[in-house]
Amino acid sequence: MTDQEEEFVHFVSCIESLNNAWRLINIIKHERDNPLVGAAFRYALIEYAKPYRESRDKNKKKRRLDTSCIPTTMQELHKRIIDSRDQIHAHSDLAVMDAKLYVHESQGVRFSTILQNVITGVEEFKNIDEIQKLIESTLENMYEKEKLLEAKLP
């Protein structure tokens, strides 16, 4: 494939990931009592973030979706989702935990205690409607860009 074709395939793949996130968000909104809602929500955020993280094509060229299709008014929400993916959902950053370690000895026995932030990964759940709007608005812009990219294919 040419570089232009690789770019198009990557872009369409990004659309697919955002559509996966959108579908999950919609299911979650209708299945709020399901015990798997928390895990599904966290996975939806990972699916949303996937296009904005590094991907490599067959030629080892690194690709990443830029933020040009995200509405300006939703950039802060987007950044929070990406940060939560990087620090909580796909990794466990100690900085976010803000852990404190206490080691003490009592009657010749050593004990250690760790105090840390409780992070559930569903802190953004209260913003599920806004996340849905973010995905929908971004996808609308991406569909327009997809047409332009497709028209330039040989």
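Read on for a plain summary of the structure.

Calculation criteria
Every chain begins its residue count from 1, and numbering advances along the sequence as written. Since the coordinates come from a predicted model, pLDDT governs what is reported: local features require at least 70, and pairs of side-chain atoms require 80 or more to be given and counted, while whole-chain, interface and lining totals use all residues. Hydrogens are left out, water is left out, and the side-chain values use all remaining heavy atoms of the structure. Strands were regarded as paired on the criterion that DSSP finds at least two bridges between them. Comment: elements are numbered from the N terminus, with helices defined as DSSP H or I runs of at least four residues and strands as E runs of at least two. Here an axis means a line fitted to C-alpha atoms, over the contact stretch when the element is a helix, while the angle between two N-to-C directions is reported on a 0 to 180 degree scale. Angular relationships are summarised with four words: roughly parallel below 35 degrees, roughly antiparallel beyond 145, roughly perpendicular across 65 to 115, and oblique for the angles in between. Each helix crossing is assigned a hand: it is left-handed if the near helix lies turned anticlockwise from the far helix by less than a right angle, otherwise right-handed if that turn is clockwise. A contact between two residues is defined here by any heavy atoms of the two lying within 4.5 Å. Residue polarity is assigned by list, with Asp, Glu, Lys and Arg as charged and Ala, Val, Leu, Ile, Met, Phe, Trp, Tyr, Cys and Pro as nonpolar; anything else, Gly included, falls into the polar class. Any Phe, Tyr or Trp ring, taking Trp's six-membered ring, that has another such ring centre within 6.5 Å forms a pair; planes under 30 degrees apart are called stacked, those over 60 apart edge-to-face, and the others tilted. Under the scheme applied here, a residue whose accessible area is under 20% of the maximum for its type counts as buried, over 50% as exposed, and between as partly exposed, the area being computed with a 1.4 Å probe on protein chains only.

1. Side note on the pairing of strand β4 (residues 109–115)
Judged from the seven bridges that link them, strand β3 (residues 100–106) and β4 form a sheet pairing that is antiparallel. Among the inter-strand pairings, Lys-100 is bridged to a residue of β4, identified as Leu-115.

2. Some remarks on the packing of helix α2 (residues 37–49) against helix α5 (residues 128–151)
Direction vectors running N to C along α2 and α5 enclose 25°, while the axes themselves pass 12 Å from each other. It follows from the interaxial angle that α2 and α5 lie roughly parallel. In the packing of α2 onto α5, the handedness of the crossing is left-handed. Residues Phe-41, Leu-45 and Tyr-48 of α2 form the contact with α5, whose own contacting residues are Ile-128, Ile-131, Leu-134 and Ile-135. Looking at side-chain class alone, the contact of α2 with α5 contains seven nonpolar, no polar and no charged residues.

3. Observations concerning the packing of aromatic side chains
Following the criterion strictly, the structure yields two aromatic pairs and no others. Their ring planes at 70° and their centres at 5.1 Å tell us that Phe-41 and Phe-125 sit as a pair that is edge-to-face. Of this pair, Phe-41 sits in helix α2 while Phe-125 is found in the loop between β4 and α5, placing the two residues 84 residues apart along the sequence. The two residues Phe-41 and Phe-125 agree in class, both being buried. A centroid spacing of 5.5 Å and a plane angle of 40° characterise the contact between Tyr-48 and Tyr-52, whose relative ring orientation is tilted.

4. Brief notes about the packing of helix α1 (residues 3–30) against α5
Where α1 contacts α5, the two axes come as close as 10 Å, and the packing angle between them is 155°. If you check the angle between α1 and α5, you find them roughly antiparallel. For the element pair α1 and α5, the recorded crossing hand is left-handed. For the contact of α1 with α5, a count of residues per class yields 17 nonpolar, four polar and seven charged.

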